[in-house]
Amino acid sequence: MTEVNRTPLITSEETEFAAHVIRSLSEYYHRNVVGQDHLKDALITAILADGHVLIESVPGLAKTSAAKAMANAVNASFSRIQCTPDLLPGDITGTQIYRQDTGKFETVLGPVFANFVLVDEINRSSAKTQSAMLEAMQEKQVTIGGTSYHMPEDLFIVIATQNPIEQEGTYLLSEAQTDRFLIKEKLTYPSVEEEAKIMRLNEHEIPMTKAVLNASDIRRTQEIVSKIYIDESIVKYIAEAVNATRHPELTGNPDIARYVRLGASPRASIALMKTAKVRALSAGRTYVIPEDVKAVRYGVLRHRISLSYAAVADKVTPEQMIDLFFDGIRTP
């Protein structure tokens with residue numbers, strides 16, 4: 001690896017402030033959610049990298065509780081959208097209602113206008129309804145009756161969930177939709193000890209504690225993240241890794257090519273860089289190292305790689321393919 005330029009772009013005071021924010025979010029999460037550390041890391045990374053999260057798991061694994069905890073931690077607004085096949089785009093973005101008393105149409109904004117938006121079981125809504133989220137997620141605005149309405153300027157994060165087990169009455173997310181999510185996290189069942197603790201906690205309803213941060217703290221930390229130094233050798237490393245998903249034959253393993261139907265887009269490269277910067281800051285560094293990129297590779301790439309039927313037949317997972325892509329390129 002080339003020598004890292006450690007000329008400080010970030011002051012020691014900024015480093016301490018960022019560490020305080022990350023520690024506060026982590027501690028608040030653990031006060032309100034049992035286990036699910038991977039989900040905590042994904043949510044904190046998305047908040048500080050200004051991105052959205054897609055969560056895949058069976059019901060009952062604290063997804064809603066985790067989303068509410070993060071919103072409450074920063075004193076932000078929270079809304080939940082339960083997706084069903086008959087859900088309409090206007091039910092999410094809002095619509096125009098005719099008022100007889102005034103003889104005019106009045107715009108009523110939908111639940112998407114919140115700092116934290118939990119879209120529960122997004123794959124149960126139709127493709128038309130799913131597409132209503134695209135403009136909000138990418139452009140941070142929606143258009144109702146020819147007028148554009150902007151999302152909250154200080155903080156806007158979509159946390160979508162999907163159940164991987166049930167397929168009846170569901171609609172697969174398109175590549176364009178999944179590509180808008182910065183991270184995809186997969187949740188597993190809690191351990192026996194964690195489940196016992198969950199049972200005890202649910203004997204009595206315990207209200208969440210007061211917020212420990214605010215939106216301005218998050219904005220400031222996002223600005224600090226953007227100043228994290230990333231060397232050109234690591235930028236090239238990220239580009240080569242993403243390029244390998246599009247041209248798997250270049251990895252030198254001829255068996256890989258038949259498993260990949262579609263590789264990752266340039267959004268994946270940007271997402272790897274952003275999340276690696278958050279990972280570096282979480283580790284107390286002001287510069288990115290290759291291990292930061294490797295640490296976030298699954299969350300960023302698992303939903304951006306489309307596997308072929310051959311991969312499904314051979315029970316090859318996206319995570320296994322990602323490892324092969326990274327093994328096929330030189331680490332700086």
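Report follows, based on the coordinates.

Rules used throughout
Counting starts from 1 at the beginning of each chain's written sequence and moves along it residue by residue. In view of the model being predicted, local features appear only for residues whose pLDDT reaches at least 70, and side-chain atom pairs are presented and counted only at 80 or more, with totals across whole chains, interfaces and linings using the full set of residues. The side-chain numbers reported here are obtained from all heavy atoms of the structure, hydrogens and water having been left aside. A run of H or I in DSSP counts as a helix once it spans at least four residues, and a run of E counts as a strand once it spans at least two, with each numbered from the N terminus. By the convention used here, residues are in contact when the closest approach between their heavy atoms is within 4.5 Å. Pairing between strands is defined by DSSP: at least two bridges between them are needed. Exposure is judged per residue with a 1.4 Å probe applied to protein chains only, and the accessible area is read against the type maximum: over 50% gives exposed, under 20% gives buried, and values in between give partly exposed. Arc definition: it is the arc formed by the directions from the helix axis to the C-beta atoms. The axes are straight lines fitted to the C-alpha atoms, using for helices just the contacting stretch, and the angles between their N-to-C directions are given from 0 to 180°. A pocket here means an open set of points on a 1 Å grid, computed over the protein atoms alone, that has protein on both sides within 12 Å along at least five of seven lines. A cavity is instead a set of points where a 1.4 Å probe fits but cannot get out; residues with an atom within 4 Å of a point line either one. Grid points are joined across faces, edges and corners, and a volume is the space filled by probe spheres set on the points. Throughout this entry, Asp, Glu, Lys and Arg are counted as charged residues, while Ala, Val, Leu, Ile, Met, Phe, Trp, Tyr, Cys and Pro are counted as nonpolar. The remaining residues, Gly among them, count as polar. A carboxyl oxygen of Asp or Glu within 4 Å of a side-chain nitrogen of Lys or Arg is what we treat as a salt bridge. Multiplying 1.5 Å by the residue count of a helix minus one yields the expected span of that helix. Between rings of Phe, Tyr and Trp, where Trp is taken as its six-membered ring, a pair exists when centres lie within 6.5 Å; planes separated by under 30 degrees are stacked, by over 60 edge-to-face, and by other angles tilted. Should the NZ of a Lys or the CZ of an Arg lie within 6 Å of a ring centre and within 35 degrees of the ring normal, that charge is described as sitting over the ring.

### Thoughts on the environment of alanine 241
Structurally, the position occupied by alanine 241 is in helix 9 (residues 232-246). On a C-alpha basis, the gap between alanine 241 and isoleucine 329 in space is 6.9 Å, while along the polypeptide they are 88 residues apart. When sequence neighbours within four positions are dropped, the list of residues in contact with alanine 241 reads Phe325, Phe326 and Ile329.

### What about the pairing of strand 3 (residues 94-99)?
Bridging between strand 3 and strand 4 (residues 104-109) involves 6 bridges; their strand directions are antiparallel. Looking at the pairing, threonine 95 lines up with valine 108 of strand 4. Between strand 3 and strand 4, which pair antiparallel in sequence order, lie 4 residues; one of them, glycine 103, sits at a positive phi of approximately 70°.

### Remarks on helix 13 (residues 318-327)
Listing the buried residues of helix 13 in full gives Pro318, Glu319, Met321, Ile322, Phe325 and Phe326. Down the axis of helix 13, the buried set is contained in an arc of 160°. They therefore lie on one face. Looking at the packing, one finds that the buried side of helix 13 touches strand 9 (183-186), helix 9, strand 10 (260-262), helix 11 (290-301) and strand 11 (306-307).

### Quick look at the sheet that holds strand 8 (residues 157-162)
Across a sheet, paired strands are connected by hydrogen bonds in the backbone, their directions being either parallel or antiparallel. In spatial order, the strands read 2-5-8-1-9; together these 5 strands make up an open sheet with parallel pairing. Strand pairing shows two members of the sheet lacking a second neighbour, strand 2 (78-82) and strand 9, which therefore form its edges. In this sheet, neighbouring strand axes are inclined to one another by 20° on average, regardless of whether the strands run parallel or antiparallel. Where helix 2 (residues 37-49) meets the sheet, it contacts strand 1 (53-56), strand 5 (116-120), strand 8 and strand 9, and its direction lies at approximately 170° from that of strand 9.

### Things to note about the layout of surface pockets
Roughly 1,100 Å³ of volume is contained in the largest pocket. If you go around the largest pocket, you meet 36 residues; those closest to its centre are Lys184, Arg302, Ile305, Ser306 and Leu307. No other element matches helix 12 (residues 309-313), which puts 3 residues into the lining of the largest pocket. Across the lining of the largest pocket, the residue classes tally to 14 nonpolar, 13 polar and 9 charged.

### Concerning the environment of arginine 23
Its place among the elements puts arginine 23 in helix 1 (residues 12-32). Along the chain, arginine 23 and valine 119 lie 96 residues apart, while their C-alpha atoms are 27 Å from each other.

### What about the pattern of salt bridges?
Two side chains with opposite charge may pair up if their charged atoms get near one another. Tallied over the entire structure, the rule returns 18 salt bridges. Here glutamate 13 ties to arginine 220 by a salt bridge, and the two come within 2.7 Å at their closest N and O atoms. Here the residue glutamate 13 occupies a position in helix 1, and arginine 220 occupies one in helix 8 (residues 215-226), the gap between them amounting to 207 residues. For arginine 220, a relative accessible area of 31% gives the class partly exposed. Taking the shortest distance from any N to any O, the salt bridge between glutamate 319 and arginine 302 comes out at 2.7 Å. With glutamate 319 in helix 13 and arginine 302 in the loop between helix 11 and strand 11, this residue pair connects regions lying 17 residues apart in the sequence. By the burial criterion, glutamate 319 is buried, and arginine 302 matches it. Via salt bridges that share partners, Arg99, Asp101 and Glu106 belong to a single interconnected network.

### Quick notes on helix 2
End to end, helix 2 covers 18 Å across 13 residues, agreeing with the expected 18 Å (1.5 Å per residue, within 8%). In terms of burial, helix 2 is largely enclosed, as 10 of its 13 residues are buried. Of the positions making up helix 2, those classed as buried are Leu39, Lys40, Ala42, Leu43, Ile44, Thr45, Ala46, Ile47, Leu48 and Ala49. After helix 2 finishes, the residue aspartate 50 shows a positive phi value of roughly 60°.

### A short note on the packing of aromatic side chains
The description of an aromatic ring pair uses the distance of the two centres, along with the angle that the planes make with each other. Scanning all chains against the criterion turns up 2 aromatic pairs. Arranged with centres 5.9 Å apart and planes meeting at 80°, the rings of tyrosine 237 and phenylalanine 326 form a pair that is edge-to-face. In this pair, tyrosine 237 is assigned in helix 9 and phenylalanine 326 in helix 13, connecting sequence segments 89 residues apart. Summarising the burial analysis for this pair, tyrosine 237 and phenylalanine 326 share the class buried. The ring of phenylalanine 17 has arginine 220 lying over it, and the distance from NZ or CZ to the ring centre is 4.1 Å.

Treat this as a map of the structure, not an account of what it does.
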